[in-house]
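Survey of secondary and tertiary structure
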Amino acid sequence: MAQTTLNLSDVLPESNFMVANAMRFAEEVKAATNGEVVIAVKAGGSMGFKGPDQLTAVRDGLVEMADINISQQVGVDPLFGVEGIPFLVSSMDELKKYHGFVRPVYEELAAKNNQKILYVVPSPAQYLYLNVLADDIEDLKGIPVRGADKNTVDVVTAMGMAGVAMPWGELIPALASGRVKGVATSATSGVDGKFWEFMDYIYPTNHTWGSNMVTVNLDVWNTLTSEQQKAIEETAARLEPEFWDVSRDGDVASIKAMADQGMTVVEIPETLRAAMVERAMPLQADFVTRVPAAAPIVEAFKAAK
């Protein structure tokens, strides 16, 4: 058979573990299909799409596949933000349980947008990166902090900071210029952005969670043979648990790398953490009110916990 080449758009740099996962997936798909299906991973935003554009780019056939930051797609459907409800999930083990409820929802939303999810991988735990050593919630007041999506921006704003929604590609110039003076994101992203060049302190807030999904355009998917589809699905199912482990390991390694560069991991005072959670709690109710379809998901998860 003729070889089928599928471009996979990724806005993250090649050093990011999500890109490494995608590249490994591509290698194993090529092997599983005997070279009939070749996935070409295009990292660093080289396809010309920003993070919030990835879903619609696949939907409209502008690219065959993409590695998509799910929470950045709330402009397409606000239910894509259900994973980022603040302080709902406290650990990656809990996140795995939560995915039992949210994964079917994501798959339905993807199908509505003319694509199929092949695998989903979470970002590691979330941190707050700042130049301020805070003991009290008031110490954070007004600091402009970048978030990748609306949920994160809402959380940091609720805690008294000035949340700024910003794609990854704009972040480093914004840090360099002082437009933003803090970032809420994962440890792996902290290493990607060499945050030690701009900030001194790492706060393990674990305030929200987010995942990436690798999807394929359904029109393209339907041109593949049933044997090719089966091989790709089996490869994705086999690798997804390993990719979750990569995320866990990447968190630990990235924190060490930043500490080695002189950054300090802050032991958040209990009073400060309690104040953060208290201020963010109304956002849980607000999200469910704004996105009623989230209510049964959240309730089912809380009951399961």
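Here the structure is a predicted model, which means the values were calculated and not measured. (Residues numbered from 1 in each chain as written. Predicted model: local features only at pLDDT ≥ 70, side-chain atom pairs only at ≥ 80, totals over all residues. Heavy atoms only, no water.)

**A word on the pattern of salt bridges**
Rules: A side-chain nitrogen of Lys or Arg and a carboxyl oxygen of Asp or Glu constitute a salt bridge if their distance falls within 4 Å. In DSSP terms, a helix is any run of H or I states spanning at least four residues, a strand is any run of E spanning at least two, and both are numbered starting from the N terminus.
Taken as a whole and assessed by the stated rule, the structure comprises 14 salt bridges. Of the charged contacts, one joins arginine 24 and glutamate 28 as a salt bridge, the two residues approaching to 3.2 Å between their closest N and O atoms. Of this pair, arginine 24 and glutamate 28 both sit in helix H1 (residues 17-32), four residues apart, which is roughly one turn of that helix. What emerges from the salt-bridge pattern is a single network uniting Arg24, Glu28, Arg238 and Glu242.

**Structural notes on helix H5 (residues 168-177)**
The following threshold applies: Per-residue accessibility, obtained with a 1.4 Å probe over protein chains only, is compared with the maximum for each type, and a residue is labelled buried under 20%, exposed over 50%, and partly exposed between these values. Each C-beta atom gives one direction from the helix axis, and the arc is the one those directions make. Contacts are assigned to residue pairs with any non-hydrogen atoms lying within 4.5 Å of each other.
Where H5 is concerned, the buried positions are Trp168, Leu171, Ala174 and Leu175. Down the axis of H5, the buried side of the element spans an arc of 100 degrees, and every buried residue falls inside it. Exposed side chains of H5 directed beyond 90 degrees from the buried face belong to Gly169, Pro173, Ala176 and Ser177. In this structure, the buried side of H5 is in contact with strand S6 (144-147), strand S8 (182-186) and helix H6 (187-192).

**Description of the sheet that holds strand S4 (residues 115-122)**
Threshold: Strand pairing is defined by DSSP finding a minimum of two bridges between the two strands. All axes are obtained by fitting lines to C-alpha atoms, using only the stretch in contact for helices, and the reported angles, taken between N-to-C directions, cover 0 to 180 degrees.
Pairing is mixed in the open sheet, where five strands are placed in the order S2-S1-S3-S10-S4. This sheet does not close on itself; its edge strands, each paired only once, are strand S2 (37-42) and S4. Adjacent strand axes in the sheet meet at a mean angle of 20 degrees when their direction is disregarded. Across five bridges, the pairing between strand S3 (residues 65-69) and strand S10 (residues 211-217) is antiparallel. Residue pairing for S10: aspartate 67 is matched across the bridge by valine 214. Against the sheet, H1 engages strand S1 (4-9), S2, S3, S4 and S10, with an angle of about 165 degrees to S2. Contacting S4 and S10, helix H3 (residues 92-112) runs over the sheet at an angle of about 165 degrees to S4.

**What about the packing of aromatic side chains?**
Rules: Only centres within 6.5 Å qualify two rings of Phe, Tyr or Trp (six-membered ring in Trp) as a pair; their planes then separate them into stacked at under 30 degrees, edge-to-face at over 60, and tilted for everything else.
Per the counting criterion, the structure on display carries eight aromatic pairs. Consider the rings of phenylalanine 25 and tyrosine 119, whose centres lie 5.1 Å apart with planes at 75 degrees: the pair is edge-to-face. With a gap of 94 residues between them, phenylalanine 25 in helix H1 and tyrosine 119 in strand S4 connect regions that are remote in the sequence. With respect to class, phenylalanine 25 is no different from tyrosine 119; both count as buried. With centroids separated by 4.7 Å and ring planes inclined at 50 degrees, the aromatic side chains of tyrosine 98 and phenylalanine 301 adopt a geometry described as tilted. Here tyrosine 98 is found in helix H3, whereas its partner phenylalanine 301 is found in helix H10 (residues 295-304), with 203 residues between them in sequence.

**Concerning the layout of surface pockets**
Test applied: Think of a 1 Å grid over just the protein atoms. A cavity is a set of points where a 1.4 Å probe fits yet cannot get out, a pocket is an open set with protein on both sides within 12 Å along at least five of seven lines, and lining residues have an atom within 4 Å of a point. Grid points are joined across faces, edges and corners, and a volume is the space filled by probe spheres set on the points. Residues are grouped as follows: Ala, Val, Leu, Ile, Met, Phe, Trp, Tyr, Cys and Pro are nonpolar; Asp, Glu, Lys and Arg are charged; every other residue, Gly included, is polar.
Of the volumes computed, that of the largest pocket is approximately 550 Å³. Taken together, 37 residues form the lining of the largest pocket, with Leu12, Asn69, Gln72, Arg146 and Ala148 sitting closest to its centre. Looking at the lining of the largest pocket, the elements that each hand over two or more residues are H1, S3, H5, S8, H6 and S10. Across the lining of the largest pocket, the residue classes break down as eleven nonpolar, 21 polar and five charged.

**Focus on the environment of alanine 165**
For alanine 165, the position within the fold is in strand S7 (residues 162-165). According to the relative accessible area criterion, alanine 165 is exposed, its value standing at 54%. For the pair alanine 165 and glutamate 227, spaced 62 residues apart in the sequence, the C-alpha separation amounts to 42 Å. In contact with alanine 165, not counting residues within four places along its chain, are Gly147 and Val153.

**Some remarks on the packing of H1 against helix H8 (residues 226-260)**
Stated precisely, the cut-off is as follows: With respect to orientation, any angle under 35 degrees is reported as roughly parallel, any angle over 145 as roughly antiparallel, any angle of 65 to 115 as roughly perpendicular, and every other angle as oblique. Working rule for handedness: look at the near helix, and if it is turned counterclockwise from the far one by less than a right angle, call the crossing left-handed; if clockwise, right-handed.
One way to put it is that H1 packs onto H8 with a least axis distance of 10 Å and a crossing angle of 150 degrees. Overall, the two elements H1 and H8 adopt an arrangement that is roughly antiparallel. You can see that H1 and H8 cross each other, and the crossing is right-handed. Contacts between H1 and H8 involve Phe17, Asn21, Arg24, Phe25, Glu28, Val29 and Ala32 on the former and, on the latter, Ala231, Ile232, Thr235, Ala236, Arg238, Leu239, Glu242, Phe243, Val246 and Ser247.

**Focus: H3**
Filter applied, for reference: Each helix should span, by expectation, one fewer than its residue count multiplied by 1.5 Å. Bend, at a single residue, is the angle you get between axes fitted to the 7 residues ending at that residue and the 7 residues starting at it.
Taking 1.5 Å per residue, 21 residues should reach 30 Å; H3 reaches 28 Å between its end C-alpha atoms and fits that length. Most pronounced at glycine 100, the bend in H3 amounts to some 45 degrees, and the proline proline 104 follows within four residues. Considered for burial, the residues of H3 that qualify are Met92, Glu94, Leu95, Tyr98, His99, Val102, Arg103, Val105, Tyr106, Leu109 and Ala110. Of the surrounding elements, those touching the buried residues of H3 are S4, S10, H8 and H10. Looking at the residues trailing H3, positive phi occurs at asparagine 114, about 60 degrees.

**Section: the nonpolar core**
How we decide: We call a set of buried residues a nonpolar core when its members are Ala, Val, Leu, Ile, Met, Phe, Trp, Tyr or Cys and they connect through side-chain atoms within 4.5 Å of each other.
By size, the foremost hydrophobic cluster in this structure holds 51 residues, and its most contacted members are Leu79, Val82, Tyr98, Tyr129, Leu171, Phe195 and Met213. Broken down by secondary-structure element, the contributors of at least two residues to this core are helix H2 (54-59), S3, H3, S4, strand S5 (126-130), H5, H8 and H10. With eight residues, the single largest contributor to this core is H3. Residues within four places of valine 82 in sequence aside, it is in contact with Tyr98, Val102, Tyr106, Phe287, Ala294 and Ile297. Core analysis: the second largest hydrophobic core is formed by 27 residues, Leu6, Val19, Val29 and Ile232 among them.

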